[in-house]
Amino acid sequence: MAIKITLANQKGGVGKSTTALNLADALKHKKKKVLMIDMDAQCNTTSAYHAKVEGENTLYDLLNGDCTINEAIQQTDMGDIIAADSLLPDLESKLKENVGGFNKMKKAIKEVDHDYDFIIFDTPPNLGVFMINALSATDGVIIPILPQKFAIDGLQRLLTTINDVIDNTNENLKIYGVVLTMYDARKELDRLILSNLPKIGEETGIHIFKTHIRTCQDVNKALANEQSLIDTYPKSTAALDYMALVKEIIKETK
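Along every chain, residues carry numbers that run from 1 in the direction the sequence is written. In keeping with the predicted nature of the model, local features appear solely for residues at pLDDT of at least 70, side-chain atom pairs appear and are counted solely at 80 or more, and the whole-chain, interface and lining totals rest on all residues. Excluded from the side-chain calculation are hydrogens and water; included are all heavy atoms of the structure.

A. The arrangement of the pattern of salt bridges in detail. Salt bridges, as used here, are contacts in which a Lys or Arg side-chain nitrogen is within 4 Å of a carboxyl oxygen on Asp or Glu. By the definition in use, this model includes 7 salt bridges. A salt bridge links Lys 4 to Asp 139, with the shortest nitrogen-to-oxygen separation between them at 3.8 Å. With a gap of 135 residues between them, Lys 4 in strand 1 (residues 3-7) and Asp 139 in the loop between helix 7 (129-137) and strand 6 (140-145) connect regions that are remote in the sequence. By relative accessible area, which is 5% here, Lys 4 ends up buried. Each helix corresponds to a stretch of at least 4 residues labelled H or I by DSSP, and each strand to a stretch of at least 2 residues labelled E; elements are numbered beginning at the N terminus. Burial classification: accessible surface area is computed with a 1.4 Å probe over protein chains only, and a residue below 20% of its type maximum counts as buried, one above 50% as exposed, and the rest as partly exposed.

B. Representation of the environment of Thr 237. Its place among the elements puts Thr 237 in helix 13 (residues 237-253). On the basis of relative accessible area, Thr 237 is assigned to the partly exposed category, the value being 30%. Sequence spacing of Thr 237 and Gln 217 is 20 residues, and the spatial spacing of their C-alpha atoms is 9.6 Å. The contacts of Thr 237, once residues within four sequence positions are left out, are Arg 214, Thr 215 and Cys 216. Any two residues whose heavy atoms approach within 4.5 Å are treated as being in contact.

Given below as structure tokens:
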């Protein structure tokens, strides 16, 4: 049975999609079979996978009941993916009005649960119906945050939503942990946030991953060239960090 992980944060610009992409890539380098599901209408992860939207079944078609999950999976050089679609916002009101609209993904995923080692959900930067669909279908959440005070303060809204999902649609949902992204040791605030994270973890009861993702220009280069960071820049700080983070995640999810 696949381990299902959702990358979630209601704030944009925290490196959520970048983290999802590189975690999936690192897992594949660990010989794990991975399915990526892009729940974000911005389609950044879909583009990075070179997945098609026109003329192909996408997440829109799956959640609208127009195809099965197997029919929505595309096999690309970057791996297997269910592509997002810019039409997803048009589906939001329909899902909200339907009693089972928040559990569509939970039901669909059962068909491929034994075909993968990991299923990764990349979610939009809001606490809407697509985020809740992912949380309802997943085993656990990884929360990427920036080394900023407001990023930590903003966790409470997400935690409230996670607790609501636990109470209503997914009682087994876990928070696997918080990961600090875009860390720059040259900045005093970054160092201060990093040093305070263990205390915050103790106060909230949330696991803080020991690995933090250092800021690295090679990440942007790989994304711009639509390449695997780990294949193209295997000795870059970010590639090493993502490989280290995957070790922690595998341990945490066992």
